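Structural features, examined
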Amino acid sequence: KAIFNTTRKSLKQSLKMSAFFNFDSLLVVILLAICTCSYLREMWPGEINRHKHGFRGLFRKFAVIGDRLSPYVAFSCLAMAFATIFWRE
């Protein structure tokens with residue numbers, strides 16, 4: 001029983017560490033990626049352009065989402081900040 005309980009605790013701790021297994025953390029990572037890519041596109045437009053494909057093209061898509069939906073992204077960032085500070089355990 002003791003071995004099972006320690007394994008269960010370590011499994012819970014390892015799942016808490018990854019942002020991909022927790023939906024709230026995944027949303028925070030995506031919002032941060034959108035905001036970061038939008039900022040980097042303004043600073044260095046040559047690095048995040050429409051000619052990139054694959055994984056680097058994903059950064060351009062995040063930047064376009066941040067540019068076109070900036071009021072919604074800003075509201076989502078504020079909502080996630082509020083939820084992180086006051087609502088999460």
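Residues numbered from 1 in each chain as written. Predicted model: local features only at pLDDT ≥ 70, side-chain atom pairs only at ≥ 80, totals over all residues. Heavy atoms only, no water.

**Overview of the packing of helix 2 (residues 23-43) against helix 3 (residues 55-68)**
The interhelical angle for the contact between helix 2 and helix 3, taken along N-to-C directions, is 90°, at an axis separation of 7 Å. As judged from the angle between their axes, helix 2 and helix 3 are roughly perpendicular. Along its contact with helix 2, which presents A33, I34, C37, S38, R41 and E42, the element helix 3 presents F59, F62, A63, V64, I65, G66 and D67. Split into classes, the residues belonging to the contact of helix 2 with helix 3 amount to eight nonpolar, two polar and three charged. (Axes fitted to C-alpha atoms, helices over the stretch in contact; angles between N-to-C directions. Helix = DSSP H or I, 4+ residues; strand = E, 2+ residues; numbered from the N terminus. Parallel < 35°, antiparallel > 145°, perpendicular 65-115°, else oblique. Contact = heavy atoms within 4.5 Å. Nonpolar A, V, L, I, M, F, W, Y, C, P; charged D, E, K, R; others polar.)

**Considering the nonpolar core**
Buried together is how nonpolar side chains tend to be arranged in soluble globular proteins. In this structure, L31, I34, C37, I48, F62, A63, V73 and M80 together form the largest nonpolar core, which totals eight residues. At the level of secondary structure, the elements contributing two or more residues to this core comprise helix 2, helix 3 and helix 4 (70-87). It is helix 2 that contributes the most residues to this core, three residues altogether. Not counting residues within four places of it along the chain, the set of residues in contact with V73 comprises L31, I34, C35, I65 and G66. (Core = buried A, V, L, I, M, F, W, Y, C linked by side-chain atoms within 4.5 Å. Buried < 20%, exposed > 50% of the residue type's maximum accessible area, 1.4 Å probe, protein only.)

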